[in-house]
Amino acid sequence: MTTPPQPLLQLSGVSKKFASHSGRRNQFVTAVDNVDLDVMPAETVALVGESGSGKSTLGRVALRLTAATSGTVEFDGTDITNLRGSELRGIRPAMQVVFQDPLASLNPRMSAGAIVAEPLRAIRGIRGSELDDRVDDLFRAVGLHPSRKLARPKAMSGGQRQRVAIARAIALEPRLILADEAVSALDVSVQAQIVNLFAELRERYGLAYLFISHGLPIVRHLAQRVGVVYLGRIVEIGPIDEVFENPRHPYTQALISASPVPDPRASHSRILLGGDPPSPMDIPTGCRFRTRCPVAMPICAVEAPPRVLAGPGHEIECHLVDGQEVG
Ligand code: SF4
């Protein structure tokens, strides 16, 4: 009997609350609210949603860049929720991050080569010609000529800088990369190149990604599954084509209807959502989306929606499935 594959990353009931700066005691901002999420080895799971939805905080909690308020985070079968100090540093090489703005995340005083060499020297203790060769290989792996090693980040284009950030991220042979809006600041043509690079590296090194983006066409091109985040919860998750072609949650339907359509002949009627998302300090009762939902029902104000299977591996949180009230 073959053992079913185990998730590389597993979040169970994870919440993250921050103390509010409103000055009122006992008031919290709930950025992430009781989320379950798995990422399998070599899988790309995208998280999408409006800005302020909590998707970046969820990514940071998943990689233990910030601690969860409650719930558990497991990486490769190990509970890392409460790791500290050297234990936490011990798992860091396996989980790396690529941020939106490489200029802010790369040391401007160091050359691109020194930036990529740093983790190899500091953590693996590699020196001399072996270090030079490894850095050259990493530059080639991300599509940069090794002659660019001497350039400072400021002297590079946005796309080249992001390639340097990716070379540094893969230097320690991680198993999971959090890409947090990693292509959002780039020109559209460069975005495509970097997304293709992420896909290439996934194939070559068996990398898994937690890919956070508000660019839906990019997400569709790269991810195998997508989770739609609204006010700190994943309200819909499923295989990428299934969610894009058959979105079942009213929020996902609105989000996808507002995204550019590559084929202008495709029928495309935009669903306009009323108002702004509510404050994460004051989440609505029942369904958190009810204040903007075009099909909200009385039950939505009083009962949190159940998690419902809408297809193979496709789940939504809604009282309404296929026009029928459930839960
Ligand atoms: Fe809309 Fe109700 Fe579904 Fe929430 S539970 S998304 S309010 S129909």
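None of the values given here were measured: they were computed from a predicted structure. (Residues numbered from 1 in each chain as written. Predicted model: local features only at pLDDT ≥ 70, side-chain atom pairs only at ≥ 80, totals over all residues. Heavy atoms only, no water.)

## Details of the site of the ligand
To keep things clear, this is the line we draw: Here a residue is considered near a molecule or strand provided that any single heavy atom belonging to it is located within 4 Å of it. The method works on a 1 Å grid over the protein atoms by themselves. A cavity is a set of points holding a 1.4 Å probe that cannot get out, a pocket is an open set with protein on both sides within 12 Å along at least five of seven lines, and residues with an atom within 4 Å of a point line them. Assignment to a cavity or pocket requires that more than half of a molecule's atoms be within 2 Å of the site's grid points. Polarity classes work like this: nonpolar for Ala, Val, Leu, Ile, Met, Phe, Trp, Tyr, Cys and Pro, charged for Asp, Glu, Lys and Arg, and polar for all others, with Gly in that last group.
For the ligand, the full set of nearby residues is His249, Pro250, Cys287, Phe289, Arg290, Cys293, Val295, Ala296, Cys300, Pro305, Cys318 and His319. When each cavity is represented as a set of grid points, the ligand is found to reside in the largest cavity. Of the residues contributing to the shell around the ligand, the split by class is nine nonpolar, two polar and one charged.

## Some thoughts on helix H1 (residues 55-62)
Here is the rule we go by: The rule is simple: take the accessible area with a 1.4 Å probe, protein chains only, and divide by the maximum for that residue type; under 20% is buried, over 50% is exposed, in between is partly exposed. Numbering goes from the N terminus for both helices and strands, where a helix is a DSSP run of H or I of at least four residues and a strand is a run of E of at least two.
Across the eight residues that make up H1, a large majority, six, are buried. Of all the positions in H1, only Lys55, Thr57, Leu58, Gly59, Val61 and Ala62 are classed as buried. Remark: Arg64 follows H1 within two positions and exhibits a positive phi of approximately 60°.

## Examining the packing of aromatic side chains
Quick note on the threshold: Only Phe, Tyr and Trp rings are paired, with Trp represented by its six-membered ring, and only when their centres lie within 6.5 Å; those with planes under 30 degrees apart are stacked, over 60 edge-to-face, the remainder tilted.
This structure, assessed with the given rule, holds five aromatic pairs. Note on Phe198 and Phe211: the rings are 5.9 Å apart at their centroids and 80° apart in plane angle, and the pair reads as edge-to-face. One end of the pair, Phe198, is in helix H7 (residues 188-205); the other, Phe211, is in strand S8 (residues 208-212), and 13 residues separate them in sequence. Classification of Phe211 as buried rests on a relative accessible area of 1%. Here the aromatic cluster, defined as three or more aromatic residues joined through ring pairs, consists of Phe198, Tyr209 and Phe211.

## Here we look at unusual backbone geometry
Phi is positive for Asp76, which is not a glycine, with a value near 50°. With respect to the helices and strands, Asp76 occurs in the loop between strand S4 (70-75) and strand S5 (78-79). The exposure class assigned to Asp76 is partly exposed, which follows from its relative accessible area of 45%. The backbone of Asp322 sits at a positive phi, close to 50°, despite the residue not being glycine. With respect to the helices and strands, the residue Asp322 is situated in the loop between strand S13 (320-321) and strand S14 (324-325).

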